[in-house]
Amino acid sequence: MKFKMTPNKLMIALFAVVLLVVPIVTAALPKQERSENENRSLAKMPTLVDANKWDKAESAGDYLGAVKWKYINNREGKAFKDDFETFFCDHMAGRETWVKLCNNLTRLSGQREINDVYILDDQLVQTFKGYDENTVDSSIKAMNTFAERFSDIPMYLMLAPTSQELFSSRIPSYTGLMSEKTFIENVYSKMENIGTIDALSNIMGHSNEYVFYRTDHHWTSLGAFYAYQAAAKSLNYSAYGLNSFNIENASRDFRGTLYSRTLVDSIKPDVMDYYFLADGEPTVKMTCRDDREIKTYDSLYVREFLEVKDKYSSYTGSNVPLVTIETNVDNGKNLLVIKDSYAHSLVPFLSKHYSSITMVDMRYINTSLNNFIKMDEYTEALFVFNVIGFAEDKNIAKLVLTR
């Protein structure tokens, strides 16, 4: 009987090739620890044995006892098969090509939202649809308690909008977006002994300008500049005008966190700008501390990050527990900034007006701030968070540990 190729047979053959070839190639390829495009660490191969017990084993029974049988056979909680599936998916041969193909097919089907990112023709938008009220209430309570304990230090809160507030009119109402403006007003109404800074109005007043990145969830340097202007009255400094700065295009090929979630190549890469006072910058010494090392820089722009995927970290470095900035601004004003990464592109503007600035990231601190800083050294404190980050952050509540 003569063999005849049919579409069904071709599909079966291709499917068989994928099932056989992809696992073999995946097993053979060297494993990466990190995906630069997705800007995250990749899963490691799960282990089936307890290494300490295995090393000490002397008999067959000991070796059998070192095997993680419960981990292998678990049907309710975390099991080997789940971790192995995650590992295989993270390291599958051609993984990013498959992800892009899947996302493109999703878009062709008419769906515009992938991994909580809405895709416009020229803009990626992180969506804000709801939040856990208990998490937000815990954060508010902790901040109010913190302000009460250190009542001699003037404190202020700046909740930054995200690009959703700017582009919400272009996103269908059935998407179910929540108003960031309403959220900000609600949080501000619950602040006690903490002043509030309206960054939203000033940024929305410049909505036709490049105030948010196209492929990243942060505001641009220009957006941060307008927030810096909005804070001037509360923080009692005279903000510089835009024409006081020389602007350097530090990068023209930045693809940020929202690109990492979607891998949509059709959105134009972003431009990253550094702002320098035309009449000369204050001299600075920036020290970044984490559990492993201490790094010192003579600039608030860390250019080494321009060579990697995480280019946004060129603004005052990557997220670490503690960053201290000392300047030659001789006015005795010392600012404590409790923040998320939105503060990183804001602080270079604030640095023109302070003798020192300390940035604290509660995501990496699990104890009292007294173990890191002396509260009586600060003349002001500023909380800086973006709306979505603030709504999700369970670490702000740890402020109650500081007395």
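Coordinates for the structure precede this section.
Residues numbered from 1 in each chain as written. Predicted model: local features only at pLDDT ≥ 70, side-chain atom pairs only at ≥ 80, totals over all residues. Heavy atoms only, no water.

S.K.: Would you take a moment to explain the overall build of the protein chain for this structure?
M.R.: Looking only at helices and strands, the protein chain features 14 helices and 15 strands. Burial analysis of the protein chain (403 residues in total) assigns 47% to the buried set. Within the protein chain, counting contacts between residues at least 6 apart in sequence, those at least 24 apart form 72% of the total. Carbon and sulfur atoms provide 52% of the accessible area of the protein chain, an area that totals close to 21,100 Å². (Helix = DSSP H or I, 4+ residues; strand = E, 2+ residues; numbered from the N terminus. Buried < 20%, exposed > 50% of the residue type's maximum accessible area, 1.4 Å probe, protein only. Contact = heavy atoms within 4.5 Å. Areas by Shrake-Rupley, 256 points an atom, 1.4 Å probe, with all protein chains shown as cover.)

S.K.: Please explain the nonpolar core as it appears in this structure.
M.R.: Generally speaking, soluble globular proteins have nonpolar side chains that are buried together. Of all hydrophobic cores here, the largest spans 60 residues; its most connected members are Met158, Trp219, Leu350, Ile357 and Leu382. Here Trp219 is in contact with Met158, Ala160, Ile203, Val211, Phe212, Tyr213, Ala224, Ala227, Tyr312, Tyr342, Ser345 and Leu346, once residues within four sequence places are set aside. In terms of nonpolar packing, the next biggest core, distinct from the first, is built from 38 residues, Val136, Met143, Phe146 and Ala381 among them. (Core = buried A, V, L, I, M, F, W, Y, C linked by side-chain atoms within 4.5 Å.)

S.K.: I'm lost on the side chain of Ser368 in this one. Help?
M.R.: The topology assignment puts Ser368 in the loop between β14 (356-360) and β15 (380-386). Assessed through its relative accessible area of 12%, Ser368 is described here as buried. Among the polar contacts listed, one links the side chain of Ser368 to the backbone nitrogen of Asn370, at a separation of 3.0 Å. Filtering out sequence-adjacent residues up to four positions away, Ser368 remains in contact with Leu401, Thr402 and Arg403. (Polar contact = N/O pair within 3.5 Å; in protein donor to acceptor, adjacent residues only side chain to side chain.)

S.K.: Sorry, what's going on with the sheet that holds strand β3 (residues 113-114) here?
M.R.: Backbone hydrogen bonds hold the strands of a sheet together, and the pairing may be parallel or antiparallel. Read across the open sheet, the three strands follow the order β3-β4-β5; overall the sheet is antiparallel. Unpaired on one side and paired on the other, β3 and β5 (124-126) mark the two borders of the sheet. (Pairing = 2+ DSSP bridges.)

S.K.: Where do I start with the pairing of strand β10 (residues 284-289) in this structure?
M.R.: Within a regular beta strand, the side chains point alternately toward one face of the sheet and then the other, so they alternate between its two faces. Here β10 pairs with strand β12 (residues 322-327) via six bridges, running antiparallel. Within β12, the position partnered with Thr287 by the bridge is Thr324. Bridge count between β10 and strand β11 (residues 294-297): four bridges; the pairing is antiparallel. Its bridge partner being in β11, Met286 is matched across the sheet by Tyr297. The turn linking β10 back onto β11 is made up of four residues.

S.K.: Looking at this model, I keep getting lost on the environment of Pro282. Mind explaining?
M.R.: With respect to the helices, strands and loops of the structure, Pro282 is situated in the loop between β9 (270-277) and β10. Given a relative accessible area of 17%, Pro282 falls into the buried group. Pro282 sits 44 residues away from Glu326 along the chain, and the two C-alpha atoms are 9.7 Å apart. Filtering out sequence-adjacent residues up to four positions away, Pro282 remains in contact with Leu277, Thr327, Asn328, Val329, Ser351 and Lys352.

S.K.: Honestly, the sheet that holds strand β7 (residues 195-197) in this entry has me stumped. Any pointers?
M.R.: The strand order across the open sheet formed by eight strands is β7-β6-β15-β13-β14-β12-β10-β11, and the pairing between neighbours is mixed. Every other strand in the sheet has two partners, leaving β7 and β11 as the edge strands with one partner each. Strand-to-strand twist of the sheet, defined as the mean angle between neighbouring strand axes without regard to direction, takes the value 20°. Across the sheet, helix α9 (residues 180-188) touches β6 (155-160) and β7, and the angle it forms with β6 is around 165°. (Axes fitted to C-alpha atoms, helices over the stretch in contact; angles between N-to-C directions.)

S.K.: What is the right way to read the packing of aromatic side chains from this model?
M.R.: For any pair of aromatic rings, geometry is given as the distance between the ring centres together with the angle between the planes. Enumeration according to the criterion identifies 26 aromatic pairs in this entry. On the numbers, 5.5 Å between centres and 80° between planes, the contact of Phe128 with Phe183 is edge-to-face. With a gap of 55 residues between them, Phe128 in the loop between β5 and α7 (133-149) and Phe183 in helix α9 connect regions that are remote in the sequence. For Phe183, a relative accessible area of 3% translates into the label buried. Ring centres of Phe146 and Phe150 lie 5.1 Å apart, and the angle between their planes is 55°; this geometry places the pair in the tilted category. Arg255 extends its terminal NZ or CZ atom over the ring of Tyr259, reaching a point 5.0 Å from the ring centre. (Phe/Tyr/Trp six-rings, centres within 6.5 Å; stacked < 30°, edge-to-face > 60°. Lys NZ or Arg CZ within 6 Å of the ring centre and 35° of its normal.)

S.K.: Would you take a moment to explain the side chain of Ser313 for this structure?
M.R.: Residue position: Ser313 is located in the loop between β11 and β12. Among all residues touching Ser313, those that are not within four sequence positions of it are Val302, Phe305 and Ser318.

S.K.: I'm lost on the pattern of salt bridges in this one. Help?
M.R.: When their charged atoms lie close together, side chains carrying opposite charge are able to pair. Using the criterion set out here, one finds 13 salt bridges in the structure. Residue Lys352 pairs with Glu281 through a salt bridge whose shortest N-O separation is 2.5 Å. Residue Lys352 is located in the loop between α13 (347-350) and β14, and its partner Glu281 is located in the loop between β9 and β10; the two are separated by 71 residues in the primary sequence. With a relative accessible area of 8%, Lys352 lands in the buried category. Bridged by salt links that share partners, the residues Lys339, Asp361 and Arg363 form one connected network. (Salt bridge = Lys/Arg side-chain N within 4 Å of Asp/Glu carboxyl O.)

Any functional reading would require information beyond the geometric quantities listed.
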